[in-house]
Amino acid sequence: MARPGSGVLVGGAGGYGGQGVARVVVWEWLNEHRRWRPYGAATCHHIENVLKEDPRGTVLLGQVEPHLVPYVIDLQSMHQFRQDTGTMRPVQRNFYEPSSAPGKGVVWEWESDSGAWTPYDMELSVSIQHAYEKQHPWLDLTSLGFPYLLDFTAMLQTNRQSQRRRRLRRRMDLAYPLLAGAIPKSQSWPVGAGAKGGAGGGPCSCTQCLLVNSTRAASNAILASQRRGAGKGAVRQSNTFGGTTATTWSTGTTVAVGNLSNNISGAGGRGGGGKGENLGAGAGFGCSQAHTNTHTQSHTHTHALTINGQNNLNRPGTQRIAVTTNRGAIPAGPPPLPLFLPPPKGMTGILMCAAGLPVCLTRAPKPILHPPPINKGDMKPVPGVNGSRRKTKKKHLRRGKNPEDVVRRYTEKIKAAPDEDCTICMERLVTSSGYEGLLSHNGIKPELVGKLGKCGHLYHLLCLVAMYNNGNKDGSLQCPTCKAIYGEKTGTQPPGKMEYHVIPHSLPGYTEVKTIRIVYDIPAGLQTLEHSNPGKKFSARGFPRHCYLPDNDKGRKVLKLLIMAWDRRLIFAIGTSSTTGECDTVVWNEIHHKTEFGSNLTGHGYPDLKYLDNVQAELSAQGVSDDNLKE
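Just so it is clear, the model here is predicted, and its values are computed rather than measured.

In this section: the nonpolar core. Met-498, Ile-518, Tyr-520, Leu-549, Leu-559 and Leu-562 are the most contacted members of the largest nonpolar core, which has 40 residues in total. For this core, the elements supplying multiple residues, two or more each, are strand S25 (496-503), strand S26 (515-521), strand S29 (545-550), helix H9 (553-567), strand S30 (572-575) and helix H10 (611-621). If you tally residues by element for this core, the top one is H9, at eight residues. Setting aside residues no more than four positions away along its own chain, Tyr-520 makes contact with Lys-497, Met-498, Phe-543, Pro-544, Arg-545, Cys-547, Leu-562, Trp-566, Ile-571, Phe-572, Trp-588 and His-593.

What follows is the structure, given as structure tokens:
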């Protein structure tokens, strides 16, 4: 039914109005695209509860949402901290009208390519809900910086530039927390200095709190230095981070950071005299006055600023974000790089963090995924392996076979069945199959029992037919009890190509031999009847994918087995990605590959002395083994 009224052009989405009235609280985090993304309503309720108990405490997000287990929020520095990678992102506390979308529990979402539903930013959701309630037939988001037109009649989002359309939907969820009384300003940065964290005045001794507390001094020091230079010109960061050069403002104020400093110049820095500041206070751990005075007195001709031992704050790559209470005033330019904090090593590192001693802030190491550039002439055939390329086309795909014939081929009938359960239908073997009446069968009676030839396990023959019909229908059977394979098992891998050759570089742990490189390439396409969603598009992310083996006897043997698995379409499948959660995409099919050439940071590289044996075991579980090579 068409919605009455005219469309609307959005001019902006307000946060909250006057003070002293009830407002809805929404906590948000800043993503890599400089968009404030809202936490879920349940998470915001949890944050508010912790905030009431301790305004400078730590929020463990995993207590509410299992997928947020690695994340904690430090309410004092107003940052989200990811414990497994060390990434820090700013968070803020924003307020909306109780009659707005978050106050009513309304969530507006758009559908991604994978079919997943993604919520809009909260400001957009408020604008969308407002237009929807006013019964506007459409909403133009161009003025908010998004080239989208929302059609409430068809519930579609149209990209004005590409004309691509996506579905959108409105659903009901838990309402966000309501705050009555005086409303504070939107909280985007540290609560303040001077108070130590924890109810008892000292830091908590658990590992998570130690990790968070060790970053507080760094975070507060960065923010305080930005306040000093806010609105007074651009700050240029030099590339010097070694030696003894001091960090100097243009007016002569010197910032001494341990033994390591950088040159910083500003167009009109802070003028006049003044006392040195100790930014270590309130960082979650104490720093004695005597210690501070020692640093201050050592610089009698400069205005000293001691930062509690954090001696790497001005290294290139550390995060620097302009301090502002205006949620839309994010500085232009490339997004700020996140902070990375290596976890403390052993008890010594934990004690150093607890005492506020220096913690190195640096970039996380990057895996070496590929070898140095290689000329085509340097790529050689793999010794003992025919050819250098395999293709899988639609004409190569196997057709299904008659289920009854396949079951009869690998089983023999049992006249007197034992009084035990059939592990497929869970009915007794002496009774009829549980699939009686549910499955059409040709010449197989529901009470017939068969024994598989190799392993000897017993099942109703009709149950084996049902199991075959529910699988790939490739003419093979796999025992559901011991996983023994009968016949040649094939998969549902989509069409593509596989290339392999030797390159003149060595893998870590195999320095005495060269390397076999395998290149898989599968394009996106449409799913067929053998897949879970016939006729629906599937994506193919990260192709071509490069994999590596040592060029020795064992590596060449594994390559031959992988070629056989490729021919049987067992290397890849179409399913849901375990890393991104994307549905209907090409994923690995339980045969691990090494995709990291010169390191092993992700666990998919070398050295790994057990990999060649492990991958042979995985191939054997798919029915690809040494016996197949001999045949």
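Before going further, it helps to examine the sheet that holds strand S20 (residues 411-414). Within a beta sheet, neighbouring strands are joined by backbone hydrogen bonds and run either parallel or antiparallel to one another. Pairing in this open sheet of three strands is antiparallel, and the strands run S20-S21-S22 from one edge to the other. Each edge of the sheet is formed by a strand with only one pairing partner; in this case those strands are S20 and strand S22 (458-460). Taken pair by pair, the neighbouring strands of this sheet meet at an average axis angle of 40°, ignoring direction. Here three bridges tie strand S21 (residues 449-452) to S22, and the two strands are oriented antiparallel to one another. Within S22, the position partnered with Gly-450 by the bridge is Tyr-459. The sheet strands contacting helix H8 (residues 461-469) are S20, S21 and S22, and the helix crosses S22 at an angle near 80°.

H10 packs onto H9 with a crossing angle of 25° between their chain directions and a minimal axis gap of 10 Å. By the angle between their axes, H9 is roughly parallel relative to H10. H9 and H10 meet at a crossing whose hand is left-handed. On H10, the residues that touch Lys-554, Gly-555, Lys-557, Val-558, Leu-561, Leu-562 and Ala-565 of H9 are Leu-612, Asp-613, Val-615, Gln-616 and Leu-619. For the contact of H9 with H10, the per-class residue count stands at seven nonpolar, two polar and three charged.

Every buried residue of H10 is accounted for by Tyr-611, Leu-612, Val-615, Gln-616 and Leu-619. Burial along H10 is one-sided: seen end-on, the buried residues are contained in an arc of 135°. Check the buried side of H10 and you find it contacts S29, H9 and helix H11 (626-630).

What follows deals with the pattern of salt bridges. Counting across every chain of the model gives 29 salt bridges. In this structure, Asp-113 engages Arg-166 in a salt bridge whose closest nitrogen and oxygen atoms are separated by 3.1 Å. One end of the pair, Asp-113, is in the loop between strand S8 (106-111) and strand S9 (117-119); the other, Arg-166, is in strand S13 (residues 165-172), with 53 residues separating them in the sequence. The closest approach of N and O atoms between Glu-530 and Arg-569, which form a salt bridge, is 2.4 Å. Residue Glu-530 is located in the loop between strand S27 (525-526) and strand S28 (537-538), and its partner Arg-569 is located in the loop between H9 and S30; the two are separated by 39 residues in the primary sequence. Among the residues examined, Glu-530 registers a relative accessible area of 29% and is labelled partly exposed. What emerges from the salt-bridge pattern is a single network uniting Glu-109, Arg-169, Arg-171 and Asp-173.

To continue, consider the packing of helix H7 (residues 403-410) against H8. Packing of H7 against H8 brings their axes to within 9 Å, and their N-to-C directions diverge by 120°. As far as their axial angle goes, H8 and H7 are oblique. Remark: the crossing between H7 and H8 carries right-handed chirality. Of H8, the residues touching H7 (which contributes Pro-403, Glu-404, Val-406 and Val-407) are Leu-461, Leu-464, Val-465, Tyr-468 and Asn-469. Broken down by class, the residue content of the contact of H7 with H8 amounts to seven nonpolar, one polar and one charged.

Definitions and cut-offs
Residues numbered from 1 in each chain as written. Predicted model: local features only at pLDDT ≥ 70, side-chain atom pairs only at ≥ 80, totals over all residues. Heavy atoms only, no water. Core = buried A, V, L, I, M, F, W, Y, C linked by side-chain atoms within 4.5 Å. Buried < 20%, exposed > 50% of the residue type's maximum accessible area, 1.4 Å probe, protein only. Helix = DSSP H or I, 4+ residues; strand = E, 2+ residues; numbered from the N terminus. Contact = heavy atoms within 4.5 Å. Pairing = 2+ DSSP bridges. Axes fitted to C-alpha atoms, helices over the stretch in contact; angles between N-to-C directions. Parallel < 35°, antiparallel > 145°, perpendicular 65-115°, else oblique. Left-handed = near helix turned anticlockwise from the far one by under 90°. Nonpolar A, V, L, I, M, F, W, Y, C, P; charged D, E, K, R; others polar. Arc of directions from axis to C-beta. Salt bridge = Lys/Arg side-chain N within 4 Å of Asp/Glu carboxyl O.

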